[in-house]
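Listed here are the chains, written in short residue letters.
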Amino acid sequence: MTASGAMPHPWIEAILRCPDCSSGLIAQPRGWRCSVCSWASQDPRDLQPQTPRELTLTHRRQAPAAPDQLLEALPTEPPPLTYAGPTALRDSSAFLSEMKQRLQPGATVLDLGCGPRDQQLPIESLGFRYLGVDVDSRAADLLVDAHCLPFQDQSFDAVLSYAVLEHLRDPFVALREITRVLRPGGLYLGTVSQGEPFHASYFHHTAWGLLALFSSQPELETLRLWAAIDTLESLARMGRYPKVIRKALAGLHRLQVDVPQLAPRKARWPRKALQIDALYRAGSIGFVARRG
Ligand SMILES: [Zn+2]
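Residue numbers restart at each chain and count upward from 1, following the sequence in its written direction. Where totals are concerned, whole chains, interfaces and linings use all residues; where local detail is concerned, this predicted model gives features only for residues with pLDDT of at least 70, and gives and counts side-chain atom pairs only at 80 or more.

Before going further, it helps to examine the overall build of the chain. In this description a helix means any DSSP run of H or I spanning at least four residues, a strand means any run of E spanning at least two, and both kinds are numbered starting from the N terminus. Regarding its fold elements, the chain presents 9 helices and 10 strands. Viewed in the frame of its principal axes, the chain has a C-alpha envelope of about 70 × 45 × 35 Å. Taken over 292 residues, the chain has a buried fraction of 38%. To sort residues by burial, count the other C-beta atoms lying within 10 Å of each one's C-beta; a count of 20 or more means buried, 12 or fewer means exposed, and anything in between means partly exposed. C-beta atoms are built from the backbone.

Given below as structure tokens:
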């Protein structure tokens, strides 16, 4: 959407704000400056904060409802796959299916932590406008910090964060920002690591952890959680074990999938119990939430 060093598209320029003080930005011959504080950038892609600031976060002492009961009440299977367009490097067909079903053509999608920006083509193929941001990626349209997004309130119809939450040093602050930039009815979708080993990451989330995190934003309603990959498979792919150990882990994963007779008790379990069981074992958890 933008070549490196070029000013962003007008629809993006219209929603930008200062990452330090939230005031409006003024375009410069090169980059931006804040209309109020001293923040300025010589690179039109760089919208990261420059001055440490204190912020106030409301912490609710009251625990959310029992997480096991919440899980029982939520859909815990992957969304029905209705998307059949171009594919991304990292498979996102579950999220594309949700967006296709729930968003209108022309909707704006923020890919927060876009990495190689591989979701642009599939998202644009659905008629949506795409903005890919990252803290450090040559492919990103803009460089931002998820803890202080340089966007005005209610700027996006959806935020996708694919394998991002575990890399944030304060997911509660970031989630407040994500909720803030979503329009009412907007979607927050993505995956988060649970059993994927440490990979330059801070907080890996269990299903209960995700429910607690999402409940910190009262406007945010969790629509669905599911096991996106099993931990044994994650360990085989990224466990930093010797190759022979990783092959053995992959074999154990196949055994666990292909030979359900290994756990005869579970043959009598209802589908819902098996889905929750898979969430307990998940290497990565997929989620869809909506701002009310
Ligand atoms: Zn400012």
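Now, onward.
Boundaries between domains were set according to an automatic or database domain assignment. Here the domain parsing of the chain yields domain 1 (1–46) and domain 2 (65–228 + 282–291). The C-alpha centroid of domain 2 is placed 24 Å from the C-alpha centroid of domain 1. Here the nonpolar group is Ala, Val, Leu, Ile, Met, Phe, Trp, Tyr, Cys and Pro; Asp, Glu, Lys and Arg are the charged ones; every other residue, Gly included, is treated as polar. Tallied by class, residues from the side of domain 1 that touches domain 2 come to 8 nonpolar, 1 polar and 3 charged.

So, about the pairing of strand β8 (residues 182–193). Among the 12 residues of β8, 9 are classified as buried, and the element is accordingly described as predominantly covered. Any two strands between which DSSP finds at least two bridges are classified as paired. Here 6 bridges tie strand β7 (residues 156–162) to β8, and the two strands are oriented parallel to one another. Looking at β8, one finds that serine 161 is bridged to glycine 190. With 7 bridges joining them, β8 and strand β10 (residues 282–291) adopt antiparallel strand pairing. Looking across to β10, one finds that threonine 191 is bridged to glycine 286.

Once that is clear, we can look at the sheet that holds strand β9 (residues 220–230). In spatial order, the strands read β6-β5-β4-β7-β8-β10-β9; together these 7 strands make up an open sheet with mixed pairing. The open sheet has two free edges, formed respectively by β6 (142–143) and β9, since each of these has just one partner strand. Throughout, a residue-residue contact means that the two C-beta atoms, derived from backbone geometry, are no farther apart than 7 Å. Structural elements are reduced to axes, namely lines fitted to C-alpha atoms, with helices fitted over the stretch in contact, and the angle between N-to-C directions of any two is expressed from 0 to 180 degrees. Together, β9 and β10 form the strand contacts of helix α7 (residues 231–238), whose direction differs from that of β9 by roughly 60°.

Before going further, it helps to spend a moment on the environment of lysine 247. Along the polypeptide, lysine 247 turns up in helix α8 (residues 243–258). With 12 C-beta atoms counted inside 10 Å, the residue lysine 247 sits in the exposed group. For the pair lysine 247 and arginine 90, spaced 157 residues apart in sequence, the C-alpha separation works out to 22 Å.

This part is about helix α3 (residues 93–102). If you check which residues of α3 are buried, you get Ala94, Phe95, Leu96, Glu98 and Met99. Buried residues along α3 sit against β4 (108–112), α4 (120–125), β7, β8 and β10.

Now for the pairing of β10. Here β10 lies mainly inside the structure; 10 of its 10 residues are buried. Pairing geometry for β9 and β10, over 9 bridges, is antiparallel. Within β10, the position partnered with isoleucine 229 by the bridge is serine 284.

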